[in-house]
Amino acid sequence: MNNTLNNGTSHSSSSALKTASDISITASLVVIMLGMGCTIEIKSLVKHIRRPVGICIGMLSQFVVLPAVTFGLAHALQLPPLAAIGMLVVGCCPGGSTTNIFSYWTDGDVSLSISMTAVSTLMAIGMMPLNLLIYSRSWTDTALVIPYINILKSFGMTIGPAVVGILVRWKIQKLADILVKCGSFAGAISVVLVLTLMSIRFPYMYLASWKIYIAALILPFAGFLFGYVVAMICRQDPVRCRTIALETGIQNFPLCMTLLLLTFSKEIFAQISLFPLLYGVTCIVCSLAFLGIYKIVKKVNSTRQKKEEFTRVSTIEDDKFLNR
């Protein structure tokens, strides 16, 4: 009886934590996307639609390169079938809204980031099942259930608040500036919240094998590197290169979790979700590392420019003094 009571209490606590987690993260997402929308001018959005170079690079990475890299990496590391399936599903997912706030923090092109997120989410309706059909046969014959409703919800949660933010910036500039700060603050809170709640709800993910850890670290950096290099080859400016790198390196892992829950039984979910859960943590950590590297490089360049400016001014002053 005590065991039954304890199990019931544990299940109730878990359910309550999940509900609180879903509500808090959803609310944070709305505030974040509203704030990010407030950074966008309509003309910049139209510019990306007319010349979708960045969007095309992102889609090439999301739905051609990353699924192939994920497939090859899973075989190279000889992951168990369940872990490999979880990894493959992550690699076939579209970009997530996390990229939008990190694009803002790295002084990226937020309008490009949101455009890429929106397009990749819509394309996922067709490209996810296609890639999973092509690559999953190495490990399973089970037909994976694509969460189309969740994909559309993800699209609505991303675009809806962003559109409202764009309109606010168009009509009320002062309010838009306030909402941008609120969105940035909500993003910081959301990062801490996600890492904390995931660690509390799924502590078993940290017991994953070293192979899964290696894969979870390599995948986001592979996306960052490919996106940045291809953007440079296509002669995109540094601002767009950073944006494209982030967009191609961060996947929508909550969508992956939904797909796995819909497809597989609870008995094997703990094993098949190991990679997606650990990826959710390492992806944020890698993004924070990307942000830290950018801030350091920015600081170094700023210091160098100030020294060069000081030297130039000093030289001019010395020349003036000598010519008197």
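Everything numeric here is computed off the predicted structure, so don't read it as measured data. (Residues numbered from 1 in each chain as written. Predicted model: local features only at pLDDT ≥ 70, side-chain atom pairs only at ≥ 80, totals over all residues. Heavy atoms only, no water.)

Trainee: Which parts of the structure should I look at to understand the side chain of S120?
Mentor: Locating S120 in the fold gives a position in helix 6 (residues 110-135). Look at S120 and you get buried, because its relative accessible area is 0%. Beyond its immediate stretch of four places on either side in the chain, S120 contacts M59, F63, P94 and G95. (Helix = DSSP H or I, 4+ residues; strand = E, 2+ residues; numbered from the N terminus. Buried < 20%, exposed > 50% of the residue type's maximum accessible area, 1.4 Å probe, protein only. Contact = heavy atoms within 4.5 Å.)

Trainee: Would you mind showing me how to read helix 5 (residues 98-105) here?
Mentor: Three or four residues apart is the spacing at which side chains of an α-helix point the same way, because the helix has 3.6 residues per turn. By the criterion of burial, helix 5 is predominantly enclosed, with 6 of the 8 residues buried. Every buried residue of helix 5 is listed here: T99, N100, I101, F102, S103 and W105. Phi turns positive, to about 60 degrees, at D107, one or two residues after helix 5.

Trainee: Is there a simple way to explain the packing of helix 6 against helix 10 (residues 238-249) in this structure?
Mentor: Each pair of packed helices can be summarised by the angle the axes make with each other and by the distance between the axes. For the pair helix 6 and helix 10, the least separation of the axes is 9 Å and the interaxial angle reads 30 degrees. Here helix 6 is positioned roughly parallel relative to helix 10, judged by the angle of their axes. When you trace helix 6 past helix 10, the crossing you get is right-handed. Contact with helix 6, carried on its side by L112, S113, M116 and T117, involves R240, T243, I244 and E247 of helix 10 and no other residues of that element. (Axes fitted to C-alpha atoms, helices over the stretch in contact; angles between N-to-C directions. Parallel < 35°, antiparallel > 145°, perpendicular 65-115°, else oblique. Left-handed = near helix turned anticlockwise from the far one by under 90°.)

Trainee: Sorry, what's going on with the pattern of salt bridges here?
Mentor: Any two side chains of opposite charge can pair, given that their charged atoms come close. For the coordinates displayed, the defined rule picks out 4 salt bridges. K43 is the salt-bridge partner of E41, the closest N and O atoms lying 3.9 Å from each other. According to the relative accessible area criterion, E41 is partly exposed, its value standing at 34%. A relative accessible area of 64% places K43 in the exposed class. (Salt bridge = Lys/Arg side-chain N within 4 Å of Asp/Glu carboxyl O.)

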